[in-house]
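# Residue-level structural notes
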Amino acid sequence: MTKMADNSSSVEIVEGCRLPVLRKNQEHEDEWPLAEILSVKEVSSRKLYYVHYIDFNKRLDEWVTGDRLDMKKLQFPKKEAKTPTKNGLPGSRPSSPEREVRKSLDLNLQPATAPSRGKTLPTPKRKVETVPLATQVPPATPVPSLPSSAEASQASVFPAVRETNTFKSREDHDQLSSLTTNGTARRLVPSQPGRKRKANCGAADEMIKVLQYNNPQSASVFLPPPEDSQDSSDGIPSAPRMTGSLVSDRSHDDIVTRMKNIECIELGRHRLKPWYFSPYPQELTTLPILYLCEFCLKYLKSLKCLQRHLTKCNLRHPPGNEIYRKGTISFFEIDGRKNKTYSQNLCLLAKCFLDHKTLYYDTDPFLFYVMTEYDSKGFHIVGYFSKEKESTEDYNVACILTLPPYQRRGYGKLLIEFSYELSKVEGKTGTPEKPLSDLGLLSYRSYWSQTILEILMDLKPDNGERPQITINEISEITSVKKEDVISTLQYLNLINYYKGQYILTLSEDIVDGHERAMQKRHLRIDPKCLHFTPKDWSKRGKW
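Bear in mind the structure is a predicted one, so any value in this text is a computation, not a measurement. (Residues numbered from 1 in each chain as written. Predicted model: local features only at pLDDT ≥ 70, side-chain atom pairs only at ≥ 80, totals over all residues. Heavy atoms only, no water.)

Another aspect to go through is the overall build of the chain. A count of helices and strands for the chain gives 10 helices and 24 strands. A total accessible area of about 28600 Å² is found for the chain, and carbon and sulfur atoms account for 51% of it. (Helix = DSSP H or I, 4+ residues; strand = E, 2+ residues; numbered from the N terminus. Areas by Shrake-Rupley, 256 points an atom, 1.4 Å probe, with all protein chains shown as cover.)

Summed over the entire model, instances satisfying the criterion amount to zero disulfides. Note on Cys347: no disulfide assigned, nearest cysteine sulfur contributed by Cys399 at a separation of 7.0 Å. (Disulfide = S-S within 2.5 Å.)

What follows is about the nonpolar core. Within the largest apolar cluster, 78 residues are counted, with the highest numbers of intra-cluster contacts made by Phe331, Leu349, Tyr384 and Phe418. Counting residues per element, this core draws most heavily on helix α7 (residues 438-457), at eight residues. Beyond its immediate sequence surroundings of up to four residues, Tyr384 is in contact with Leu346, Ala350, Leu354, Phe368, Tyr369, Val370, Met371, Cys399, Ile400, Leu401 and Leu415. One finds Leu19, Ile37, Val64 and Leu74 within the second-largest nonpolar core, a separate group that totals 13 residues. (Core = buried A, V, L, I, M, F, W, Y, C linked by side-chain atoms within 4.5 Å. Buried < 20%, exposed > 50% of the residue type's maximum accessible area, 1.4 Å probe, protein only. Contact = heavy atoms within 4.5 Å.)

Next up on the list: the confidence of the model for the chain. Counting all residues, the mean pLDDT for the chain is 74, and 64% of those residues have values of 70 or more. For the stretch residues 90-105, pLDDT sits under 50, and the model shows 23 contacts to residues farther than four places along the chain or on other chains. (pLDDT = per-residue confidence, 0-100.)

With that settled, consider the packing of α7 against helix α8 (residues 471-478). Where α7 meets α8, the axes come as close as 11 Å, and the angle between the chain directions of the two elements is 115°. Crossing handedness for the pair α7 and α8: right-handed. Across the interface between the two elements, Thr451, Ile452, Ile455 and Leu456 of α7 pack against Ile474, Ile477 and Thr478 of α8. Here the contact of α7 with α8 is composed, by residue class, of five nonpolar, two polar and no charged. (Axes fitted to C-alpha atoms, helices over the stretch in contact; angles between N-to-C directions. Left-handed = near helix turned anticlockwise from the far one by under 90°. Nonpolar A, V, L, I, M, F, W, Y, C, P; charged D, E, K, R; others polar.)

Attention now moves to the sheet that holds strand β12 (residues 270-272). Pairing is mixed across the open sheet formed by four strands, whose spatial order is β12-β11-β13-β14. Edge positions in the sheet fall to β12 and β14 (299-300), since each of these pairs with one other strand and no more. One ladder, built from three bridges, connects strand β11 (residues 265-267) with β12; its direction is antiparallel. Each bridged residue has a counterpart across the sheet, and for Leu267 the counterpart in β12 is His270. (Pairing = 2+ DSSP bridges.)

This part is about the pattern of salt bridges. Where charged atoms from two side chains of opposite charge approach closely, those side chains can pair. One pass over the full model with this rule turns up 20 salt bridges. For Glu266, the salt bridge goes to Arg271, with nearest N and O atoms at 2.9 Å. Using a relative accessible area of 14% as the deciding quantity, one classes Glu266 as buried. What makes Arg271 exposed here is its relative accessible area of 54%. Here Glu421 makes a salt bridge to Lys424, at a shortest N to O gap of 3.3 Å. Of the two residues, Glu421 and Lys424 are both situated in helix α6 (residues 411-426); the distance of three residues between them amounts to about one turn of the helix. (Salt bridge = Lys/Arg side-chain N within 4 Å of Asp/Glu carboxyl O.)

Take the side chain of Thr372 next. Following the sequence through the fold, Thr372 ends up in strand β17 (residues 366-375). Since its relative accessible area comes to 0%, Thr372 is described here as buried.

Turning our eyes to something else, we now look at the packing of aromatic side chains. Aromatic ring pairs: the centre-centre distance and the angle between the two ring planes describe each pair. By the definition in use, this model includes 17 aromatic pairs. A ring pair is formed by Phe331 and Phe418, whose centres lie 3.8 Å apart and whose planes are at 5°; its orientation type is stacked. Taken as a pair, Phe331 in strand β16 (residues 329-335) and Phe418 in helix α6 lie far apart in primary sequence, 87 residues in all. Judged on exposure class, the residue Phe331 and its partner Phe418 are both buried. The interplanar angle of 50° and the centroid separation of 4.7 Å between the aromatic rings of Tyr374 and Phe379 together place this pair among those described as tilted. According to the relative accessible area criterion, Tyr374 is partly exposed, its value standing at 44%. (Phe/Tyr/Trp six-rings, centres within 6.5 Å; stacked < 30°, edge-to-face > 60°.)

Spelled out as structure tokens, the structure:
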């Protein structure tokens, strides 16, 4: 099934044109999504078009032939009006989806930044949200502004209610904020302007009562509102952070970096099809296959060169110290300054599968933790994560990647769990650097959900009293940052408002779903197998 292939000769398709393009969906059915032409080339007197499917991830971009284009709905690129610059000279800047998202977020945050510091202003009116809890609770209970820690009273016990959670909190909008902000809980618990930030959140230290229902599969947790849930100390929400050490500068995107430049990579027994651009040397981008040594990650242009290299390469595992081994799984700690060549090669490989973050050459300030699988031939790389030696914002992960052949097998959660085990040894709470990729966001949400639910469900009564826990205690036990704990509870829609208290309700569906997920999770980190001594990187001599 093709459309208007004959007309392609009469109408010239240029870069920037948009039109429907034929592709197969997950059910292997034909569909015609709108796509943008990024590049045109001619191979053997046949034109090929590099297309980006609008509203699809860039990893689906591909070269297509003219018979897959629907010429009837061809849209030519619009000429953007030139706007004057500060110098008075005309200039224009093409728009991008990321910039539009940032602009809309800035508009949303505008009212919050208006009040001057030091003044206590009345809480702005917010949309009434209804939380049906039980028959004795009046319908359409309004959610008022959060009380301060002084006003937060101890939770009162209410009669046992069997009610599944029906709390709705603008899920689509919250998912967007999870993608682009450091603390997704800021809509749930906004700080009051002018209030000084405390070292330890007093409200979060207050006890959360866990009420066991008559049905042991259900529980309810009373959650006092923590006031220290903002990233900014003055109570003003900050805009999405786009200047992290590994965050790519989207303003310099050009047509070259938007296109995949490597056709195929051979790494050991696997052949990988890259998802994104990676700055390998230009002369290697025209090769049908790029060969990598799976132990030192050196890139070579032919199989003959690889075979010659393997006779001289003595590595059978990543350089650095092996700090964890259990069964066939090992982790190696690699210093980006001491093993610069390996670290740079690792970053070039990782960039093929990571779009949001970029790091190629300046590896000195980073540590790399490479996960491997052992067999008779050596230690084969499965995935890795990197972290800053000194992070001022409590980041315990900068980049994280599971290679495609090992995805959907539990290795991603294992990497995340290992990063938090390191944080526990360091005595810190940590969080991944933002923004997360789409797959990274899914993995972290899943890990946070399972970890927090595991804590809540393992709570047992103490001397006949109802079990109690605080947000700070959950954060200390798991090393998950407080903001991530709150945002996960919000994402799971566990938060309800009842008689002046925020409560968390674990329904039977959530409990059953958690137990099923944990049964499938066979790979876990054993802290006894970890041999790791944290270093004080603030002393420059350690570098």
